[in-house]
Amino acid sequence: MINLSLPSPANLVPPPPNTLNPSRQKTPPTQTLKNPNFEHLKNRLIHQASVGHLRQAISTLDLMTQQGLTPDLFTYSLLLKSSIRTRQFHLGKLVHARLSESQLEPDSVSLNSLISLYSKNSDWVTANTIFENMGERRDVVSWSAMISCFSHNDMESKAISTFVKMLEFGEYPNQFGFAAVIRACSNAENAWIGDVIFGSVIKTGYFESDVCIGCALIEMFAKGSGDFDSAKKVFDRMPDKNSVPWTLMITRYSQMGNRKEAVELFINMVESGYMPDKFTFTSLVSACAELGLLSFGQQLHAQVVKYGLAFDVCVGCSLVDMYAKCAEDGSMVNSRKVFDLIPDHNVISWTSIITGCGQSGKHSKEAIELYCRMIDDQVLPNHFTFSSLFKACSNLSDPDTGEQIYAHVVKMGLAAVNCVGNALISMYARSGRMEDARKAFDILFEKNLVSYNTIVDGCTKNIDSNEAFGVFHQIEDTGFVLDSFTFASLLSGAASIGAVAKGEQIHARLLKAGFESNQHIANTLVSMYSRCGNMEAALRVYSKMERLNVVSWTSIITGLAKHGFATRALEMFQEMLNAGIKPNEVTYIAVLSACSYVGMIDEGWKHFNSMYKEYGISPRMEHYACMVDLLGRSGFLEEAMQLINSMPFEADALVWRTLLGACRVHGNIALGKQAAEMVIEKEPNDSAGYILLSNLYASVGQWNEVAEIRKTMKKKNLGKEAGSSWIEIENTVHKFHVGDTSHPQAEEIYKELDQLVTVIKEVGYVPDTSSVLQDVEDEQKEEFLLQHSEKIAVTFGLINTSKPKRITVFKNLRVCGDCHNAMKYISMVKEREIVLRDSNRFHHFKNGICSCNDYW
């Protein structure tokens, strides 16, 4: 049985100490008759309170009591309401103290005002004490104020239970009580309760007449259950809409990812004659930022100026963000102009411009400089500021500066905040410092799914897939529900080492989790299968996708190009254009690479020239590198050099390395030496330029020059990356180095390899000793060729698998000419398909033929 007896009246909660005038003596109440001075002072107090001059009004109150004139409860209620309206809560507490000193018996009106005062000041404990002590003086306003107090202070369960108690005590809710409890149901946990209350609201008729209830219902459906259809039905049925529900719908659409609907609703709002406010514009501009609608965002900016909101901090911050995200060239010029116009910068405006600089990737140094200015202006950063700064440090690969910033984080007590810790983990991971990333992860007090995803992503990007899969199992143990980002990172990890079996396991898991229709996941699957050498599986996933975006098309075109199916890749590109999908910069890299892999010079020039002419895409360094590669592979070295000289910006090491590689293939010493000098100038601490030049000299027998380069590298302490190959057998990756004898099956492998070489020699294989770039005898060169890691890995695969299983091997460097030739013969005599992925592309060997047609 529920006890429905009302609590007996009790004394009012003691007021806070008198902070304005501690020496003020308590004045006993005095009977006030008709007194002209009393009326004059009371009228003055009422005027002061009504215009928000609360301190003067309290001074007038004190003057009245000093003169023996006792203010009535109406006066105190007026002062309390004024303090709530102007959000001067500290003065409201002072009025509470004066009321307690007056020895007047508070009525329900003044007590309800006190509940609202402490509620809005986030002091729910005092508000609840006042409410509990009211006893029979509680009315529907008291109950509604208390429900609202709990709801506003994130105590949803308490708000709902108070609503139920109100009904048990026989008090029927008004529109304010309904609105407050519905707000408490605006989360996934309580949305079902909101549905029940919604039925009561319909019966009362408040739904048709009260805007506050309509807005609360919109909030409940949109935020609580993600049911935008019901939210829109509530909105459409509201008879007396003002700009508040319009703005609320636009804001929720924007925040919950329905940004196109937000833009459409805004247009309807303006056409319907409603005036947008700063909240409307803030939400709309944010939607434009996410959709990349720069033109519409600029139109909104013009409206912002028209409505006199250009100097509002919130609107200004959203404009800063919009211009940063929508600038095609990554420029921050317009963002800086908007930022500089904001008159009073706070932590939000500083953080928005720092975030904009960091996210573009091109202005990360400027982000750090802005942070220094922010500190000089004595504006304290928050956790979002630090998260953006760590991203900027990641872009700069500057963990040292990041560590200095982290010292500020610790000093401000923000080290335990998830987003800060996650950003720190990401910074270390992106800088290649996985040990520090792991430490940052381990000391994070409360890890969330983002924390786990960040360390998984860091592991995969640093080619540590075993660690990534280990963290994956930890996530399962924690009980977190895996999201699409987790699966995408794991698929990338599988792709990075060619672990197709692991990729297939993850594929099965994500199907079970219901992510098969997720476009991002599907795109990652296409990439994973193609990078693991299984182009057929990649095409199957691609063909089942219901929706294709530019990433989908680019992924399949890239895969086909890497596997040497250039004609099919270019056909796909044309299908993409016919489907009305606009290519991006990455798409064109895939298309130009496809042309390069098969020497389609005219086709390459056609697409290179169409980039800007037809789609407004200015060629980047990577596009020029593709064209240099295309020309260089085909032997047009002078033309490649002319293209480099005609570039609108200075060529980087990538372009010069590409030319140097072509010079190595075609034996052009003079041009190769020039290209090598440029590579070394651009990247003096990278061994790649020295090694390529050394190989070039070795290929034409200039061993003295080779020796000099090796001496130089030794002086600079520059090492050469060791060649390695790996193969996945029964979900285990086996890795081999040149001349590797550490594997348990080493003896068996070399015995099989000796026999294999004997067999393929009988059918025409001749060792290509020119691939050995060392000054030794030919017999020894043949021995060196036998020890190449890809031959060892393929032999291991032949021993441990049976027909007709395909053998897929991965190598970290470019495959040498001898191994390429040997693979063709092995595929023929063993009647096995061999797939070899080197640092550049895939080679499919079948029946003595390679998919690259010996052009790589």
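Procedures and definitions
- Residues numbered from 1 in each chain as written.
- Predicted model: local features only at pLDDT ≥ 70, side-chain atom pairs only at ≥ 80, totals over all residues.
- Heavy atoms only, no water.
- UniProt positions renumbered as here; feature names shortened; annotations may be inferred.
- Axes fitted to C-alpha atoms, helices over the stretch in contact; angles between N-to-C directions.
- Helix = DSSP H or I, 4+ residues; strand = E, 2+ residues; numbered from the N terminus.
- Parallel < 35°, antiparallel > 145°, perpendicular 65-115°, else oblique.
- Left-handed = near helix turned anticlockwise from the far one by under 90°.
- Contact = heavy atoms within 4.5 Å.
- Nonpolar A, V, L, I, M, F, W, Y, C, P; charged D, E, K, R; others polar.
- Domains from an automatic or database assignment.
- Pairing = 2+ DSSP bridges.
- Buried < 20%, exposed > 50% of the residue type's maximum accessible area, 1.4 Å probe, protein only.

The name an unreviewed UniProt entry gives the chain is DYW domain-containing protein, with Rhododendron simsii as the organism. The record in UniProt for the chain states the following under Sequence similarities (unreviewed entry): "Belongs to the PPR family. PCMP-H subfamily."

Caption draft 1: Quick peek at the packing of helix H5 (residues 108-120) against helix H6 (residues 124-133). Contact geometry for H5 and H6: axes closest at 7 Å, N-to-C directions at 165°. Accordingly, the angle class assigned to the pair H5 and H6 is roughly antiparallel. For H5 against H6, the interelement crossing comes out left-handed. When H5 is examined against H6, the residues Leu111, Leu114, Ile115, Tyr118 and Ser119 are found in contact with a partner set consisting of Trp124, Thr126, Ala127, Ile130 and Phe131. Here the residues of the contact of H5 with H6 sort into 8 nonpolar, 2 polar and no charged.

Caption draft 2: Representation of the domain arrangement of the chain. By the assigned domains, the chain splits into domain 1 (37-138), domain 2 (620-720) and domain 3 (725-850). Placing a centre on the C-alpha atoms of domain 2 and another on those of domain 3 gives a separation of 28 Å.

Caption draft 3: The sheet that holds strand S3 (residues 807-811), seen in detail. In spatial order, the strands read S2-S1-S3-S4-S5-S6; together these 6 strands make up an open sheet with mixed pairing. Edge positions in the sheet fall to strand S2 (732-737) and strand S6 (849-850), since each has one partner strand and no second. With 4 bridges joining them, strand S4 (residues 834-837) and strand S5 (residues 842-846) adopt antiparallel strand pairing. Across the sheet, residue Leu836 finds its bridge partner in S5, namely His843.

Caption draft 4: How the structure looks around the pairing of S2. Inspection of the sheet shows strand S1 (residues 724-729) paired to S2 by 6 bridges, in the antiparallel sense. Residue pairing for S2: Trp726 is matched across the bridge by Lys735. Between the antiparallel neighbours S1 and S2 lie 2 residues, among them Glu730 with a positive phi of about 50°.

Caption draft 5: How the structure looks around the environment of Phe480. Within the secondary structure, Phe480 sits in the loop between helix H27 (465-478) and helix H28 (484-497). For Phe480, a relative accessible area of 32% translates into the label partly exposed. Sequence spacing of Phe480 and Leu99 is 381 residues, and the spatial spacing of their C-alpha atoms is 52 Å.

Caption draft 6: Examining the side chain of Asp321 more closely. Summarising the element assignment, Asp321 is placed in helix H18 (residues 313-326). Excluding its chain neighbours within four sequence positions, the residues that come into contact with Asp321 are Ala289 and Gln359.

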